[in-house]
Amino acid sequence: MRAIGTLAHRLAILVYIAFALFPLFWLVKVSVTPNDLLYSEGIRLWPSRTTFEHFRFVLAHSDFPLFFRNSLIVSLATAFAATTLAGFAGYALSRFAFRGKLTVSGLLLVTQMFPLVMLVAPIFKLLSPLGLTNSLTGLVVVYVAFNVPFACFLMQSFFDGIPRDLEEAAMIDGASRFGAFRQIILPLTLPGIAATVGFVFTAAWSEMIFALMLISSNEKATFPVGLLSFVSKFSVDFGQMMAAGVLALIPACLFFLLIQRYLVQGLTAGAVKG
Amino acid sequence: MATIDIRSVSKAYGGHAPVLTDIDLSIRDGEFIVLVGPSGCGKSTLLRMIAGLEAISAGTIAIGGRVVNDLAPKARDIAMVFQSYALYPHMTVAENMTYSLRLKKTPRATVAEKLEAASRKLGLDAFLARKPKALSGGQRQRVAMGRAIVRAPKAFLFDEPLSNLDARLREQMRAEIRKLHAGLGATSIYVTHDQVEAMTLADRIVAMHGGIIQQVGSPLDLYDRPANLFVAGFIGSPGMNFLPGRWDAGARAVRLSDDSALPVERAIDLPDGSAVTVGVRPEHVGLGGDGGLAAAVDLVEPTGHGIILHLRLQDQPFKALTTDRRYLTPQESVRVTMPADRLHLFDGNGDRIA
Amino acid sequence: MTPAPRRPFLQRLGDRAEPWLYSAPALIVITAVMLVPLVVGISYAFRDVQILNPFSGGFVGLDHFRALAGDKAFRVALVNTFWWTVLTVLIQLLFGLILALLLDTPFRGRGIAQALVFLPWAVPTFLTGLNWAWLFNPTIGPLPHWLHALGLLAEPSNILSDPNLALWGPITAAVWWGIPFFAITLLAALQSIPSDLYEAAAIDGANPFQRFWSITLPFLAPVIAITVLLRTVWVANFTDLIIVMTGGGPADRTQTVASYIFTQAFKRLDFGYASAISLVLLFLLLAYALLILLLRQRLIDRDK
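What counts and how
Every residue gets a number counted from 1 within its own chain, in the order that chain's sequence is written. In the order they appear in the text, chains get letters beginning with A and ligands get numbers beginning with 1. pLDDT decides what is reported in this predicted model: residues at 70 or higher carry local features, side-chain atom pairs at 80 or more are listed and counted, and totals for whole chains, interfaces and linings draw on all residues regardless. Here the side-chain values reflect all heavy atoms present in the structure, with hydrogen atoms and water set aside. Only DSSP runs of H or I reaching four residues or more are called helices, and only runs of E reaching two or more are called strands; each is numbered from the N terminus. When a residue's accessible area, from a 1.4 Å probe over protein chains only, is under 20% of the maximum for its type it is buried; when over 50% it is exposed; and in between it is partly exposed. The contact definition used throughout considers only heavy atoms, calling two residues in contact when any of these lie within 4.5 Å. The criterion is simple. A nonpolar core is a set of buried Ala, Val, Leu, Ile, Met, Phe, Trp, Tyr and Cys residues joined through side-chain atoms within 4.5 Å. In short, buried area is how much 1.4 Å probe accessible area vanishes from two parts on joining, totalled over both. Every case where a carboxyl oxygen of Asp or Glu lies within 4 Å of a side-chain nitrogen of Lys or Arg is listed as a salt bridge. Polar contact criterion, stated in full: a pair of N or O atoms within 3.5 Å, where within protein one must be able to donate a hydrogen and the other to accept it, and residues adjacent in sequence count only if both atoms are side-chain atoms. Either an automatic procedure or a domain database provided the assignment from which the domain bounds are taken. Under the scheme applied, nonpolar residues are Ala, Val, Leu, Ile, Met, Phe, Trp, Tyr, Cys and Pro; charged residues are Asp, Glu, Lys and Arg; polar residues are all the others, including Gly. Being paired, for any two strands, means DSSP has found at least two bridges between them. With axes taken as lines fitted to C-alpha atoms, and helix axes fitted only over the stretch in contact, angles between N-to-C directions fall between 0 and 180 degrees. Any two rings among Phe, Tyr and Trp, with Trp reduced to its six-membered ring, count as a pair given centres within 6.5 Å; such a pair is stacked if its planes are under 30 degrees apart, edge-to-face if over 60, and tilted if neither. We count a charge as sitting over a ring when the NZ of a lysine or the CZ of an arginine lies within 6 Å of the ring centre and within 35 degrees of the ring normal.

If you tally the helices and strands in chain A, you get 13 helices and zero strands. When the helices and strands of chain A are listed from N to C terminus, the series reads α-α-α-α-α-α-α-α-α-α-α-α-α. Each of the three principal axes of chain A carries a C-alpha extent, and together these read 75 × 70 × 35 Å. When burial is assessed residue by residue, chain A has 58% of its 274 residues classed as buried. Partitioning the intrachain contacts of chain A with sequence separation of at least 6 by distance along the chain shows that 73% fall at a separation of at least 24.

Of all hydrophobic cores here, the largest spans 227 residues; its most connected members are Phe210 of chain A together with Phe118 of chain C. Setting aside residues up to four positions removed in sequence, Phe118 of chain C forms contacts with Phe256 and Leu263 of chain A together with Leu99, Leu103, Pro180, Ala183, Ile184 and Leu187 of chain C. Membership of the second largest hydrophobic core comes to 44 residues, among which are Tyr85, Leu124, Met145 and Ala198 of chain B.

Next up on the list: the interface of chain C and chain A. Every contact between the two is made by 82 residues of chain C and, on the other side, 87 residues of chain A. With both chains or domains summed, chain C and chain A bury close to 7,700 Å², and 84% of this area falls on carbon and sulfur atoms. Counting across the interface, chain C meets chain A through one salt bridge. For Arg177 of chain A, the salt bridge is made with Glu18 of chain C, and the minimal N-O distance between the two is 4.0 Å. Counting across the interface, chain C meets chain A through eight residue pairs in polar contact (both at pLDDT 80 or more).

All names here are of chain A. The domains assigned to chain A are domain 1 (1–51) and domain 2 (62–269). Contact with domain 1, which involves eight residues of that partner, is made by eight residues of domain 2. Buried surface at the junction of domain 1 and domain 2, summed over both partners, amounts to about 640 Å²; 80% is from carbon and sulfur atoms. For the domain 1 face of the interface with domain 2, the top three residues by lost area are Leu27, Val30 and Ser31, together amounting to 55%. In this assembly, domain 1 and domain 2 are joined by zero salt bridges. Taken together, the connections running from domain 1 to domain 2 amount to zero residue pairs in polar contact (both at pLDDT 80 or more). Looking at the side of domain 1 that touches domain 2, the element that brings in the most residues is helix H1 (residues 2–31), giving six residues. Looking at the side of domain 1 that touches domain 2, its residues break down into seven nonpolar, one polar and no charged.

Bringing the environment of Tyr44 of chain C into the picture now. Residue and element names in this part refer to chain C. Within the element layout of this structure, Tyr44 appears in helix H1 (residues 9–44). Given the relative accessible area of 5%, Tyr44 is considered buried. Remark: the alpha-carbon pair of Tyr44 and Val233, spanning 189 residues in sequence, is separated by 23 Å.

To continue, consider the pairing of strand E11 (residues 241–248) of chain B. Consecutive residues of a regular strand have side chains that alternate between opposite faces of the sheet. All names here are of chain B. Sheet topology note: the E11/strand E14 (residues 275–280) ladder contains six bridges and is antiparallel. Within the sheet, the bridge partner assigned to Arg246 lies in E14 and is Ala275. Sheet topology note: the E11/strand E12 (residues 253–256) ladder contains four bridges and is antiparallel. From the neighbouring strand, Gly245 faces E12, where its bridge partner is Leu256. Between the antiparallel neighbours E11 and E12 lie four residues, among them Arg252 with a positive phi of about 50°.

All names here are of chain B. Strand order in this open sheet of four strands is E2-E1-E4-E5, and the pairing throughout is antiparallel. Of all the strands in the sheet, just strand E2 (20–27) and strand E5 (66–67) have a single pairing partner and so form its edges. Inspection of the sheet shows strand E1 (residues 4–11) paired to strand E4 (residues 58–63) by five bridges, in the antiparallel sense. Looking across to E4, one finds that Arg7 is bridged to Thr60. On the sheet, helix H1 (residues 43–51) packs against E1, E2 and E4 and is oriented at approximately 120° with respect to E1.

Bringing the environment of Ala112 of chain B into the picture now. Take Ala112 of chain B: it is sitting in helix H3 (residues 108–122). Put simply, Ala112 of chain B and Leu101 of chain B are eleven residues apart on the chain and 10.0 Å apart in space, counted from C-alpha to C-alpha.

All names here are of chain A. Residue placement: Arg95 occurs in helix H4 (residues 64–95). Judged by its relative accessible area of 6%, Arg95 falls in the buried class. Within the structure, the side chain of Arg95 is placed 2.5 Å from the backbone oxygen of Ile162, a separation counted as a polar contact. Setting aside its immediate chain neighbours within four residues, Arg95 contacts Phe159, Asp160, Ile162, Pro163, Arg164, Glu167, Arg177 and Ile185.

This next bit is on the packing of aromatic side chains. Residues and elements named next belong to chain A. Enumeration according to the criterion identifies 46 aromatic pairs over all chains in this entry. Relative to Phe55, the ring of Phe52 lies with its centre 6.1 Å away and its plane at 50°, an arrangement referred to as tilted. By relative accessible area, which is 15% here, Phe55 ends up buried. Put simply, the rings of Phe64, Phe67, Phe68, Phe201, Trp205, Phe223, Phe230 and Phe255 pair up and form one aromatic cluster. One Lys or Arg, Lys29, reaches over the ring of Trp26 and ends 4.0 Å from the middle of that ring.

All names here are of chain B. Note on placement: Asp272 falls in the loop between strand E13 (261–263) and E14. Setting aside chain neighbours within four positions, we find Asp272 in contact with Trp247, Asp248, Ala249 and Gly250. In terms of polar contacts, Asp272 uses its side chain to reach the backbone amide nitrogen of Ala249, at 2.8 Å.

With eight of eleven residues buried, helix H2 (residues 93–103) of chain B is to be regarded as a mostly interior element. Buried within H2 of chain B are the following residues: Val93, Ala94, Asn96, Met97, Thr98, Tyr99, Ser100 and Leu101 of chain B. Structurally, H2 of chain B contributes buried residues whose contacts are with helix H8 (164–173) and helix H9 (177–206) of chain A together with H3 and helix H4 (137–149) of chain B. Just downstream of H2 of chain B lies Lys105 of chain B, where phi reads positive at about 60°.

Before going further, it helps to examine the domain arrangement of chain B. Residues and elements named next belong to chain B. With domains assigned, chain B is organised as domain 1 (4–233) and domain 2 (242–346). Taking only C-alpha atoms, the centre of domain 1 and the centre of domain 2 are 39 Å apart. Contacts between the two partners involve eight residues from domain 1 and, on the opposite side, seven residues from domain 2. Summed over the shared surface of domain 1 and domain 2, the number is zero salt bridges. Linking domain 1 with domain 2 are two residue pairs in polar contact (both at pLDDT 80 or more), by the criterion used here. For the side of domain 1 that touches domain 2, the secondary structure elements donating two or more residues are helix H7 (219–224) and helix H8 (229–234). Considered class by class, the residues forming the side of domain 1 that touches domain 2 number five nonpolar, two polar and one charged.

What follows covers unusual backbone geometry. Residue and element names in this part refer to chain B. In this structure, Pro238 follows Ser237 across a cis peptide bond, with omega equal to -5°. Looking at the element boundaries, Pro238 is found in the loop between H8 and E11. Residues other than glycine seldom take positive phi values, yet Glu160 does so here, at roughly 40°. Here Glu160 lies in the loop between strand E7 (155–159) and helix H5 (167–184).

Set out below in structure tokens:
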């Protein structure tokens, strides 16, 4: 009886794993299938011959390396800027009791609740006279703002995990508050900072709506913009599209490994974000 | 070394009942003061105000004659040992102990010298390169002490530093703190809820309750002449027994609820018939003999060293402490006597009479 | 009582300002990039703002809302939003809860299994959309053929182009991508249940099902409630998958209110009309939030 239960449990886990991985597996499978086998072996689980031709083409003869680079720049800049701002603000929320604190948290929470898509039009209008449309800087500014609230909650939860005694001890030992923050609190929050960078990077790497709206030229396109325009133009080059998709997957998966340990904390802090 | 003067200090958080009311306390240079009281009595708040971690709502605090109300903690030249020890997890023991000296840009040779001296005193020489994580509870406690000692500050503040240790280690550290103080002679303020710690460590005890100082005095003062019912009940273990009664001026005795009389030797000036509370410590209760009052035995608790008898006397819980093992055999009732010179009398407000 | 001597003005100011100095940069960015556009966007709802029309920009009062009242596509989008949100959240919750329960039992390789089943969450949403669109594409993906073989589809066709089935495409992708979120949240809640409760229940003679019913579920209920409430809002606003997979089609059958806003702003560049729809969506979400708050209050009052 117990053995059957255990077996059913393992089987259920396997079904979940299969469901989670199958789409990604298919992506990889098509990306290594030679063009001549694409349709004839359409639903075979693995092609009879494999090729890296699609990857070679995408890397050498397409704009995807450029898109990749743009996305990397935008995502890294967003991650570091948002984490820095959120670090300070999260510290204030965690450590100070000040009038207006509830208002600030409330404000941060509200920004997580309203539909961001309704900002598409006004942000475009406001950024274009500043020359920040069709610009990676503009994209970074927008992404930083979108990710700061969530990163604040995340950083706050990391700061909350560090006993107040430590900085009080440092202040008695002769440090100023900022000195205690820099010398005692920050080093202890490093893993949390890394996790926050990872979360924000993942979010920025995935963002599509505002990139579509704000970016108009190929040179400034981020990965999703580039991939979607490629899809609409060359919608039969499945091998190449999926090879490009695999490329988009790589940094996201790397950062996923980085933040895996902090998923629970991240998801609770940004329960509304995802 | 310095005196600490606390003048009319109060603490209130906006809109709430005050945490501390009108605290006055003068601490002499080199004195070991223990603030004791139940949790929530305001003792930690007072300590944190002296440290500069908590703003002062009213009154002044002066360290070494200088008012420190507006000084940041770092400018007060005090050291503090936290209940959690608050060791910096990312620093080694040596780095923890010398952090304050390094912040003050002390010359390297001096730092090394002071570290050496402190670590030898505390027996930490072998652990200097370790991180706090790799230390036992007792060792962490020592590092916290060491961090305070290397600074040779004007005053040491201790916030329940022993409450995270097990009983045996606590006893041992208690003795060491006392020895350290004897050696350094530094002004120390020590907060605890444990009256045994207070009794054993203090030059003077400050008993606090409800944000108000109840009594200041030497440990034996508080034990022998508690100023009110709170101090009487708080100091001593097991706690003092209390019985309600009326003052019979003619008989110069207290009449208990069954009209039996407890004669009192001291001169007492009270109107006849006023309500009083009689207190007697369990260790002063006499057992056996023919006289005295009959008490029912509820429970017998051997502690090894002695026996605690849980009794009911005139429907009041009443405890007696004895080392006489005859009382281990359960009895229906015993006769208790209360020596006149061991009686404490409190008036209707709970304040000590004479 | 001697009052504490007044501290120098600058020092008091400094103490007051300190938390604000720490939080100011974040607040400024949020205000500039989110709150200001929000207000500006609300004003657009009453103006004629079209990027392609240089003469636009005038005040049009409630014209957009009148147009909206007669817009059939908008009404379809409202209905679609309801089904899209309810189905997505409920299916995610169901499978997320099962997964959390499965992962709550210790077994060998749990760490790896956990990382693998949570991986979809890390996949960028545009890629998730494309990937599932390809899987549903009969020329390249296996799903139509499998569904046909199972007898669920009359022929191996693309459900994304079938008006009656198309919404299931984005829902499937959303479920795949969103299960980890529920699973992780619920798993954390499960692991916070003190194990001695289960031990006590077992000693009291409760069987596993009774233990689930009398301990696990009551403990999870508040977490489930709050997660579902927040996720509902999030899913309702979530447009990436719909835009990538169907673009709202075929014939607006997968258009939700949020994706309709994007279509109006991005494809038709009619910012005024898009902002009017946004305002309606905002009101709907506010009404939803208010309803939840009222319900919560009712429940709290009842418990008293």
